[in-house]
Structure formats: structure tokens, C-alpha cells
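# Close look at the chain arrangement
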Amino acid sequence: MAHTNASKIYNLVGAEAVLTEAEDLRKYLTGFSSSFGYVLSDKDGSVFYTDPRYLEAAERALDGTEIAVKKFVSPLEDLLKTYKQVAVPLEKIGYLEHKKLLDCGLSVVDSSDAFTQAMAVKEDYEINSIKKACNITDKAFVRLLGEIKEGMTENDVAALLEYLMRQGGASGASFDTIVGFGENSSVPHHETGLRKLRFGDIILIDFGCKTDGYCSDCTRTVLFGDDNKHSDFKKAYAHVLEAHNLVKEKVVSGMTGSEADAIARNCLKKYGLDNLFTHSLGHGIGLNIHEFPRLSPKSEDKLINGMVFSDEPGVYLAGEYGIRIEDTVMLCNNEVISLTDSDKKLIIL
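Residues numbered from 1 in each chain as written. Predicted model: local features only at pLDDT ≥ 70, side-chain atom pairs only at ≥ 80, totals over all residues. Heavy atoms only, no water.

Before going further, it helps to examine the nonpolar core. Within the largest apolar cluster, 38 residues are counted, with the highest numbers of intra-cluster contacts made by Ile9, Val13, Tyr28, Phe48 and Phe115. For this core, the secondary-structure elements that each account for two or more residues are α1 (6-13), α2 (23-30), α3 (52-62), β4 (67-71), α6 (112-120), α7 (124-145) and β11 (214-215). Each residue touching Phe115, except ones within four places of it in the same chain, is listed here: Ile9, Thr20, Leu25, Tyr28 and Leu29. (Core = buried A, V, L, I, M, F, W, Y, C linked by side-chain atoms within 4.5 Å. Buried < 20%, exposed > 50% of the residue type's maximum accessible area, 1.4 Å probe, protein only. Helix = DSSP H or I, 4+ residues; strand = E, 2+ residues; numbered from the N terminus. Contact = heavy atoms within 4.5 Å.)

Encoded structure:
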């Protein structure tokens, strides 16, 4: 049976009615995945309106829950004609959708903050799903290492890793897998391509998968053979790993995202590498690969127990090498726990 959160969000918002169309938020409310539908909640309960493609599956998934399932019959305005006020997530809808609601004479309230607040702190079932995704991610990476061969392209490695994650039980990748060989590793979000693997190349892989709709996120940097030309890279790798581990040791509930980011950034500063750390320390992870909270130099987002986020310091020297070491972690009982946990010592294949 699907886990449902429609009444939780309705109570948090406090509006006469709450209308939700965005796919990720609809999944959070219903526990059911679909590309189309509306969830409408009011004082009398919640209804998931969808089309015939999903009707049977939705009825089966939501049987016995707080959410009724009905066939959607356009126009949308007909569902709302008895209300004076409706809440929608304004950051997820466009101008025309917003205008249509106003043209219906409705007072429009923003439900975005309620979703952010609720989704940031994970419930046990969400943590279990994320843990499953992380476990599949770890196992697929270990299997991948034994399959990497000289002459493979970045695309080859990405495709194989995504196959291994699906074979392990994932429903798919949580984002487009990033694989950067050699000089391409210095671009944090390199577009995986046809560069072929050569002896002595650095390999940076940023990857993750989904189970039950929930994401994992992991980055590993390895060396394909040791040509004795990577002494600076190896020193920098050790410093990035130190920064990564320091975050796990020092982050506690009540810190801001900027304070967490500063732990890693100040560590790298000791070695003159902070100017090469060109992105934020991390981001929340859940149904979406990027969620609240933000762990960045200016973030005032509060980190609290039950949040899941990434710990991913990096160093990038343009045209030469990139290093990123990332785990999906959670804050539990005032302690950071790794959910992805494959070996982070420098691996030389």
C-alpha cells in the first residue's frame, strides 16, 4: 500500500483547498508515480484525479488509504468552482496556470513552504527507500570497477553502470550519469561523451539510482593505472578526502548550510585548494536529486535530524584533473551517517 501525505500537507497549508499537479509533489502526496494527475484536498478529504492510463493502477495502489481515486474530466476549473481559496505550489506552476486560477475568482495561496518543510525531514519509509537505492549504488560501483577496460568510452562506462544499477533492482538512474576521463574530470558537470580511456587516466564518476521513487547520489574518483605522473593529484585527493570526512565528524543538528560548507572549505584552505572548490558542499536528497537543505557558502538553511543530503567537496584544476568524493548521508541523533559507503581511499585500477 502506498504511503500517503495528503492530509499532512493540507493541515500544514491551512487553506480551504490544496491543489497539486507537480509530478514529484504528487508522488509525495500519494506514494504513486504517474506522469499526469491532480491531488485535491479539502476539509472532507483528498482525491487523486487521473486519466485512464493510470486509473486501475492508482485504484489498486491507493485502496484503503486516505486518498480516493477518480477519473479526471476536464476542465480543471470545474473541480474548483465550489471554492473561494486554493493553495498551489507557486514555484512549480507557470504564469498561465496561475492566471487561470485568478480568472476563476480564486484567492491563491502558496503551498511550496509546506512541501519543503515536510519533505526535508524524512520518515522511516523514505529513509528505507533511500538506503535501498544507496546499497544498489554501492554494489553496482564495486562491480563496475572489475569491468573497466582501456579503450572504453565515457559513454560505455556510464551505460554499464546504469545497467548494473538496474540489474541490482533500481528503477533507473536518479540523473544522467557523469563520467569524465583525464582532463574531462576537471569539469564538475562534464557531459559524458566519446573520450576513450587510456592508461594513467583519472576517472571521475557521479552517479545514483532510484528505488520507490527515492534517489541516491554518489561520486568516486579513481586512477586507471599509475604512470607515476600524478603526485599532485594524489596529494589533492588526500586533502579532499580529509575535508569529506571532517564534514561527517563535525556537522551537527542546528548548523546552517553555510556552517557545514565552511568545514570542508576551511579544510581545503589549509592546503591552498579552497579556490579550486568551485561548487557547494551539498544538497538535500529525496524524491528529487536536489532538495532542501542547501549546503553552500551563503545558505541559512538549518540542518536537523532526519535530513538526507550529500557531502561532496571537490577540487578542479582546469584542463588537468578533477576530484570529487561524494556520499549520500543522513543526520541521525546528531550524527552524520553515510548511506553510500563504498571505499573512498584512492583506488588504482
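Judged by pairing direction, the sheet is antiparallel, and its three strands sit side by side in the order β8-β9-β12 without closing on themselves. Because the sheet does not close on itself, it has two edges, and the strands there are β8 (178-181) and β12 (218-224). On average, each strand axis in the sheet is tilted by 10° relative to the strand beside it, whichever way the strands run. Pairing of strand β9 (residues 201-207) with β12, which is carried by seven bridges, proceeds in the antiparallel orientation. Bridging from a neighbouring strand, Ile203 pairs with Val222 of β12. Contacts between helix α8 (residues 154-167) and the sheet are confined to β8 and β9, with β8 contributing the most and set at about 145° to the helix. (Pairing = 2+ DSSP bridges. Axes fitted to C-alpha atoms, helices over the stretch in contact; angles between N-to-C directions.)

Burial analysis of strand β3 (residues 45-50) places five of its six residues in the buried class, which makes it a mostly covered element. Here strand β2 (residues 38-42) pairs with β3 via five bridges, running antiparallel. By the bridge assignment for β3, Asp42 is matched with Gly45. Counting the residues between successive antiparallel strands, the hairpin from β2 to β3 contains two residues.

A separate point is helix α9 (residues 231-250). In a regular helix each residue adds 1.5 Å, so 20 residues correspond to 28 Å; α9 covers 29 Å between its end C-alpha atoms and thus fits that length. Among all positions in α9, only Phe233, Ala236, Tyr237, His239, Val240, Leu241, Ala243, His244, Val247 and Lys248 are buried. (Expected span 1.5 Å × (residues − 1).)

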